[in-house]
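# Working through the structure, step by step
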Amino acid sequence: MSVVSVENLSKIYPVAVKSPGIKGTLTHFFKRTYREVKAVQDISFSIETGEIVGFLGPNGAGKTTTLKMLTGLIHPSQGQVRVAGYVPFRRQPQFLQKASLVMGQKQQLLWDLPALDSLRINAAIYKIPDDIFEKRLQELAEMLTLQKQLTQPVRKLSLGERMKAELLAALLHHPQVLFLDEPTLGLDVNAQAAVRNFLQEYNERYQATILLTSHYMADITALCKRVLLIHQGQLFYDGDLEQLLERFAPYREVRIELANLVAKKKLEDFAEIESIEGQEVRFLVKREKLTSTVSRILAQLEVIDLSVTDPPIEEVIGRLFEKGNTN
């Protein structure tokens, strides 16, 4: 069953155009002209209950705009959206009980107060009874290993602890759908891993549906089997993360360690060279030529070690966005 349904969704912003100088200012004051900025263009997708879906794209691609439309913060210019059976921009109380948005660069906790005080305010807003609040608070704090930090002022928490507290605040009313916009932004490796582990456990325990944007590919590869790719406001891939490599990366990466240094010109006879560092060489080999190329390398070179892998997913996606390849 689809808990998130998006059909032909678009968001177009009119932006005033002003020429420099006094004349431009006067003209702008009396007769304004506008140009259209298409932040999101005619995208469609659906997400099933319990799915964790990655939402990827370069800066300015339309990810945050889409999330804001899905949570009802902004009204779409065209198209239809339903989340948990509700139209988000109507902001019905029943809908607000079923969805939550966490933005890594924004915070809802009061800076100078203990996180626990802000959590009690959230509980009052969502009309959560005291006994249920205490139970959920204990459960989520235990999952996040945050019990001791809740009584400290938010300003004295580390960045990772604040992010955990923000997640706790967003999940206190047990939303059915969770939208996450860069939840690990700026966190160190250990804090990122802790947030990922929590989201995985929360999803498994409550079958929550999660749509996640992140510039850290480790978040996506650890949590998401399915990804949506958006570029210049248009959705150009919706599918399995593993199949993304099959579709957009027709190469395998062959790494070898040689017993002796070999001239670059000789190595170029085998395949495209990605890098050479001393006796370690990285080749990019077309998938259909992989077996024959590896056989030639082993037969003609003195190889100490050899491995064959897919190119890192962040490199594949980075090349796609850099080239604007949406075909």
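Below, the structure is looked at part by part. (Residues numbered from 1 in each chain as written. Predicted model: local features only at pLDDT ≥ 70, side-chain atom pairs only at ≥ 80, totals over all residues. Heavy atoms only, no water.)

### Topic: unusual backbone geometry
- The phi torsion at Asn 8 lies on the positive side, around 50 degrees, for a residue other than glycine.
- Note that Asn 8 resides in strand 1 (residues 2-17).
- When its relative accessible area of 41% is taken as the criterion, Asn 8 is described as partly exposed.
- Here Asp 42, not a glycine, exhibits a phi torsion of approximately 55 degrees, which is positive.
- For Asp 42, the location among the structural elements is in strand 2 (residues 33-48). (Helix = DSSP H or I, 4+ residues; strand = E, 2+ residues; numbered from the N terminus. Buried < 20%, exposed > 50% of the residue type's maximum accessible area, 1.4 Å probe, protein only.)

### Some thoughts on the environment of Lys 106
- As for its placement among the helices and strands, Lys 106 is situated in the loop between strand 5 (99-103) and helix 4 (115-125).
- Take Lys 106: its relative accessible area is 55%, and that puts it in the exposed class.

### Concerning helix 11 (residues 290-300)
- Within the span of helix 11, buried status applies to Leu 290, Thr 293, Val 294 and Ile 297. All buried residues of helix 11 fall inside an arc of 95 degrees around its axis, so they share one side. Within helix 11, the exposed residues directed more than 90 degrees away from the buried face are Thr 291 and Ala 299. (Arc of directions from axis to C-beta.)

### Things to note about the side chain of Arg 136
- Looking at the element boundaries, Arg 136 is found in helix 5 (residues 130-143).
- Here Arg 136 sits buried without a salt bridge, and the closest side chain of opposite charge, Glu 139, lies 6.5 Å off (N-O distance).
- Those residues in contact with Arg 136 that sit more than four places away from it in its chain are Ile 128, Leu 172, His 173 and His 174. (Lys, Arg positive; Asp, Glu negative; His and termini not counted. Salt bridge = Lys/Arg side-chain N within 4 Å of Asp/Glu carboxyl O. Contact = heavy atoms within 4.5 Å.)

### Considerations on the packing of aromatic side chains
- Summed over all chains, the structure comprises four aromatic pairs.
- When the ring of Phe 29 is compared with that of Phe 30, the centres are 5.0 Å apart and the planes differ by 90 degrees; the resulting orientation is edge-to-face.
- The structure contains a cluster of three or more aromatic residues connected by ring pairs, namely Phe 198, Tyr 202 and Tyr 206. (Phe/Tyr/Trp six-rings, centres within 6.5 Å; stacked < 30°, edge-to-face > 60°.)

### Let's talk about the pattern of salt bridges
- Under the counting rule described, the total for this entry stands at 10 salt bridges.
- Glu 51 is the salt-bridge partner of Arg 226, the closest N and O atoms lying 3.0 Å from each other. With Arg 226 in strand 8 (residues 226-231) and Glu 51 in the loop between strand 2 and strand 3 (52-56), the pair connects residues that are 175 residues apart, well separated along the chain.
- The exposure class of Arg 226 is buried, given its relative accessible area of 14%.

### Some remarks on the packing of helix 6 (residues 159-171) against helix 7 (residues 189-206)
- As a packed pair, helix 6 and helix 7 sit with axes 9 Å apart at the nearest point and diverge in direction by 20 degrees. As judged from the angle between their axes, helix 6 and helix 7 are roughly parallel. Helix 6 and helix 7 meet at a crossing whose hand is right-handed. Residues Gly 160, Met 163, Lys 164, Leu 167 and Leu 171 of helix 6 form the contact with helix 7, whose own contacting residues are Ala 191, Ala 194, Val 195, Phe 198, Leu 199 and Tyr 202.
- Classifying every residue of the contact of helix 6 with helix 7 by side-chain character gives nine nonpolar, one polar and one charged. (Axes fitted to C-alpha atoms, helices over the stretch in contact; angles between N-to-C directions. Parallel < 35°, antiparallel > 145°, perpendicular 65-115°, else oblique. Left-handed = near helix turned anticlockwise from the far one by under 90°. Nonpolar A, V, L, I, M, F, W, Y, C, P; charged D, E, K, R; others polar.)

### Quick look at the sheet that holds strand 2
- An order of 2-1-4 is seen for the three strands of this open sheet, with the pairing classed as antiparallel. Of all the strands in the sheet, just strand 2 and strand 4 (78-83) have a single pairing partner and so form its edges. If you compare each strand with its neighbour and ignore which way they point, the axes differ by 25 degrees on average.
- In this structure, strand 1 lies alongside strand 4, joined through five bridges in antiparallel fashion. (Pairing = 2+ DSSP bridges.)

### Comments concerning a nonpolar patch on the surface
- On the surface, a nonpolar cluster with roughly 530 Å² of combined accessible area is contributed by Ile 22, Leu 26, Phe 29 and Phe 30.
- With respect to the secondary-structure elements, Phe 30 resides in helix 1 (residues 21-30).
- Exposure remark for Phe 30: the relative accessible area of 67% places this residue in the exposed category. (Patch = residues over 30% accessible without salt bridge, like charges linked within 9 Å, V, L, I, M, F, W, Y side chains within 5 Å. Areas by Shrake-Rupley, 256 points an atom, 1.4 Å probe, with all protein chains shown as cover.)

### Focus on the nonpolar core
- Residues Leu 150, Leu 168, Phe 198 and Leu 229 are the most contacted members of the largest nonpolar core, which totals 55 residues.
- Counting residues per element, this core draws most heavily on helix 6, at seven residues.
- Not counting residues within four places of it along the chain, the set of residues in contact with Phe 198 comprises Leu 140, Met 143, Leu 144, Leu 167 and Leu 171. (Core = buried A, V, L, I, M, F, W, Y, C linked by side-chain atoms within 4.5 Å.)

### Details of the environment of Thr 65
- Relative to the helices and strands, Thr 65 resides in helix 2 (residues 63-70).
- Apart from the residues within four sequence positions on either side, Thr 65 is in contact with Lys 11, Tyr 13, Ala 39, Val 40 and Ile 74.

### Some points on the sheet that holds strand 10 (residues 251-258)
- Taken in spatial order, the four strands make up an open sheet running 11-12-10-13, and their pairing is antiparallel. Of all strands in the sheet, those with a lone pairing partner are strand 11 (272-277) and strand 13 (303-309), marking the two edges. Shown here is a sheet whose adjacent strand axes are inclined to one another by a mean of 20 degrees, direction ignored.
- Two strands pair when backbone bridges link them, and strand 10 and strand 12 (residues 280-286) are joined in this way by seven bridges, in the antiparallel orientation. Bridge assignment links Ile 256 to a residue of strand 12, and that residue is Val 281.

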